[in-house]
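Secondary and tertiary structure notes
If you want the building blocks of each chain, they are given just below.
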Amino acid sequence: MALIATAQAQPTLAPLPPSPDAPDYVPVPLIAAAPSSSNTQRVPMSAFDPLVTPATQRLLPGKIVFSMLVTPDLTKAENFYGPLFGWSFRPVNGGKHPRVEIMQAGRAIGTMVAHPLDNPKQDVPFWLPFISTSDTATVARVTKRYGGHVLFGPRKWDGLGQAVIVSDPQQGIYAALSAQSGDPEDLSTAPMLDSFSWATLLTPSPSTAAGYYQMLFNYQVTAAPEADSGAHYILSSQGQERASVNTLPPDVMPRDKARWIQFVQVRNSATTATRAVSLGGQVIVPTHVDRDGALISVIADPTGAVFGVIEAQRDMLEMGPAQ
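What this report covers is the structure whose coordinates are included nearby. Computed from a predicted structure; not experimentally measured. (Residues numbered from 1 in each chain as written. Predicted model: local features only at pLDDT ≥ 70, side-chain atom pairs only at ≥ 80, totals over all residues. Heavy atoms only, no water.)

**With respect to the overall build of the protein**
- Broken down by element type, the protein carries four helices and 18 strands.
- A total of 323 residues make up the protein; the buried ones form 48% of that total.
- Contacts in the protein between residues at least 24 apart in sequence constitute 69% of all its contacts with a sequence separation of at least 6.
- Carbon and sulfur atoms make up 53% of the accessible area of the protein, which totals about 15200 Å². (Helix = DSSP H or I, 4+ residues; strand = E, 2+ residues; numbered from the N terminus. Buried < 20%, exposed > 50% of the residue type's maximum accessible area, 1.4 Å probe, protein only. Contact = heavy atoms within 4.5 Å. Areas by Shrake-Rupley, 256 points an atom, 1.4 Å probe, with all protein chains shown as cover.)

**Considerations on the sheet that holds strand β17 (residues 295–300)**
- Strand order in the open sheet formed by eight strands is β12-β13-β14-β11-β15-β18-β17-β16, and the pairing between neighbours is mixed. Every interior strand has two partners, whereas the edge strands, β12 (220–223) and β16 (282–289), have only one. Direction aside, the axes of adjacent strands within the sheet are offset by 25 degrees on average.
- The pairing of strand β15 (residues 259–265) with strand β18 (residues 306–311) spans three bridges and is parallel. Note that in β18 the partner of Q265 across the bridge is I310. (Pairing = 2+ DSSP bridges. Axes fitted to C-alpha atoms, helices over the stretch in contact; angles between N-to-C directions.)

**What to know about the sheet that holds strand β7 (residues 126–132)**
- If you trace the eight strands from one edge of the open sheet to the other, you get β4-β5-β6-β3-β7-β10-β9-β8, paired in mixed fashion. The two strands at the open ends of the sheet, each matched to only one other strand, are β4 (88–92) and β8 (149–157). Each strand of the sheet is rotated relative to its neighbour by a mean of 25 degrees, with strand direction disregarded.
- Bridge count for strand β5 (residues 99–104) against strand β6 (residues 107–114) is six bridges, and the pairing is antiparallel.

**Comments concerning the pattern of salt bridges**
- Using the criterion set out here, one finds five salt bridges in the structure.
- Linking R90 and D49 is a salt bridge whose minimum nitrogen-to-oxygen distance equals 2.3 Å. Separated by 41 residues along the polypeptide, R90 in strand β4 and D49 in the loop between β1 (26–27) and β2 (58–59) bring together distant segments of the chain.
- D49 sits in the partly exposed class, given a relative accessible area of 32%.
- Beyond isolated ion pairs, a larger network of salt bridges with shared partners links D49, R90 and E101. (Salt bridge = Lys/Arg side-chain N within 4 Å of Asp/Glu carboxyl O.)

**Side note on the nonpolar core**
- Among the nonpolar cores identified, the biggest contains 25 residues, and V139, Y174, Y213, F217 and W260 are the most heavily contacted of them.
- Of all the secondary-structure elements, those providing two or more residues to this core are α2 (136–145), β9 (161–167), β10 (173–179), β11 (196–203), α3 (206–217), β12, β13 (232–237) and β14 (240–247).
- Those residues in contact with W260, other than ones at most four positions away along the chain, are I64, W127, P129, I131, G172, I173, Y174, A199, T200, L201, Y213 and A243. (Core = buried A, V, L, I, M, F, W, Y, C linked by side-chain atoms within 4.5 Å.)

The structure is reproduced here in structure tokens:
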């Protein structure tokens, strides 16, 4: 997606943004496990593959660099996502919960973890984006200061780096990661098919949410040209668009307060959505042209985890919904 023109006025956000001289690129920090209190149970964590090999030794704060599916049925998830995207799965031994790495074109692009739902009437499986940061402790501290919650960590995940999972002040769940290998470089070519290429935060107050993420990840925040009442923002770092923040439609996912949705790049969104239904999934938002001209669909897998598919398009902004 092309970067929105910088001549547009910056929106008024809360809380305040960070210092404008904060660096876009930072060296990999020294990673150490966070101290645990006497009443904190240490859960064994099996080793992950490094994000990049060889290591880049450079972090790209604000870039989404990893993905995790938390699901009550690992086998059902494999039988859905494998045929849908051509992913393969590599079992990981050890750890409290069964886990597989998601393999695409010979590299790990994410992981899927089996975890029972504590309250099936309220809890749902979900995809978790990992946003690059040089300081997971600050993410945890600032999130709590502004009314969010720390769900896990910060702690070291062997092979991956230092991670913390939080619920932001509007209850959008995400992870922040300081990768010990550094982050994957940005590519000048189009995103690889069947890999994650975009993410959207749906939230009740996009302006406030954008300010929170801007403060933590030094994002440049721009309003979409047609956005009214602060309903749509783009988050960018290192000159690249990373994600968008939009108003949560009340009738789409009524149990959610806020939710991150990750999008997989596909050749044909409509065909992929149809295939998802045949595999036991459900189309939440039918295929349509979004405000940036891409064809997107929002889908729930057989256990209810929501994700999107995106098909890059050009010169389609005036064509309306796909037929």
